[in-house]
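Below are the chains, spelled out letter by letter.
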Amino acid sequence: GVQFDSPETWAASNMHARHVVIDRSFPSVGGPHSQGFFVNNIDGWSIDSCAVDSAGCRPTDASWPGSGCTIYNHGVYAHQSSKNGKVRRSFFSRCSATAIQARGGSDDVTENVCIGNPLGITTGLQFLPMVLFSTSKACVPFVRSAPFSP
């Protein structure tokens, strides 16, 4: 995956990714969690016109023991220390947990396509289990890989 990361003692700013394709971003056996994009302690960041497929899950054939799918693997994981972020016009499919988890709360998440992810988008402390309405323009269309029950 791609990391936008800076130490806690100072925050980096203006980190941008455009037209990046990430395919099969999964950890080595026993390795740390993998993300398509990991954003930590960044003020002003954007992910624009990118594609992430299969973030967090290893193939389950004999050469890869275990699936590696956990609730800690996302297409985008933006830590709450990051702010003023944007995820726009990007495609997320088959991520292990959430397509986009933007914990900063002030992030702009618009015009993304999320297909086959357990969760589409979570922002701040709010949870958007199904983003099907056009007023948010966050993630259209959204196809769940499992039935939704409130």
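Residues numbered from 1 in each chain as written. Predicted model: local features only at pLDDT ≥ 70, side-chain atom pairs only at ≥ 80, totals over all residues. Heavy atoms only, no water.

What to know about the overall build of the chain
Phase 1 of the analysis: Looking only at helices and strands, the chain features zero helices and 15 strands.
Phase 2 of the analysis: Expressed as a percentage of its 150 residues, the buried residues of the chain come to 42%.
Phase 3 of the analysis: A total accessible area of about 7,800 Å² is found for the chain, and carbon and sulfur atoms account for 56% of it. (Helix = DSSP H or I, 4+ residues; strand = E, 2+ residues; numbered from the N terminus. Buried < 20%, exposed > 50% of the residue type's maximum accessible area, 1.4 Å probe, protein only. Areas by Shrake-Rupley, 256 points an atom, 1.4 Å probe, with all protein chains shown as cover.)

Side note on the pattern of salt bridges
Phase 1 of the analysis: The full count for this structure, using the stated rule, is six salt bridges.
Phase 2 of the analysis: Asp48 is paired through a salt bridge with Arg18; the nearest N and O atoms lie 4.0 Å apart. Separated by 30 residues along the polypeptide, Asp48 in strand β5 (residues 42-48) and Arg18 in strand β2 (residues 12-18) bring together distant segments of the chain.
Phase 3 of the analysis: Exposure remark for Asp48: the relative accessible area of 8% places this residue in the buried category.
Phase 4 of the analysis: The partner of Arg89 in a salt bridge is Glu111, and the shortest N-O contact between them spans 3.8 Å. Of the two residues, Arg89 sits in the loop between β8 (83-88) and β9 (91-93) while Glu111 sits in the loop between β11 (108-110) and β12 (112-117), which places them 22 residues apart along the sequence.
Phase 5 of the analysis: We classify Glu111 as partly exposed; its relative accessible area is 41%.
Phase 6 of the analysis: Counted as one network, the salt bridges with shared partners bring together Arg18, Asp48, Arg88, Arg89 and Glu111. (Salt bridge = Lys/Arg side-chain N within 4 Å of Asp/Glu carboxyl O.)

Describing the packing of aromatic side chains
The relation between two aromatic rings is expressed through the spacing of the ring centres and the mutual angle of the planes.
Phase 1 of the analysis: In this structure the tally under the stated criterion is one aromatic pair.
Phase 2 of the analysis: On the basis of an interplanar angle of 10 degrees and a centroid distance of 6.0 Å, the ring pair of Phe38 and Tyr77 is categorised as stacked. Residue Phe38 is found in strand β4 (residues 37-40), and its partner Tyr77 is found in strand β7 (residues 74-78); the two are separated by 39 residues along the sequence.
Phase 3 of the analysis: Using a relative accessible area of 21% as the deciding quantity, one classes Phe38 as partly exposed.
Phase 4 of the analysis: For Tyr77, a relative accessible area of 14% gives the class buried. (Phe/Tyr/Trp six-rings, centres within 6.5 Å; stacked < 30°, edge-to-face > 60°.)

Quick notes on the pairing of β4
Phase 1 of the analysis: When strand β1 (residues 2-5) meets β4, the two strands line up parallel, connected through four bridges. Each residue of the ladder has a partner; that of Val2, found in β4, is Phe37.
Phase 2 of the analysis: Pairing analysis gives three bridges linking β4 to β7, with the strands arranged parallel. Across the sheet, Val39 pairs through a bridge with Ala78, a residue of β7. (Pairing = 2+ DSSP bridges.)

Some details on the environment of Arg24
Phase 1 of the analysis: Position of Arg24 among the secondary structure elements: in the loop between β3 (21-23) and β4.
Phase 2 of the analysis: Between the alpha carbons of Arg24 and Gly1 there is a distance of 8.9 Å; along the sequence they are 23 residues apart.
Phase 3 of the analysis: In terms of polar contacts, Arg24 uses its side chain to reach the side chain of Asp23, at 3.3 Å. (Polar contact = N/O pair within 3.5 Å; in protein donor to acceptor, adjacent residues only side chain to side chain.)

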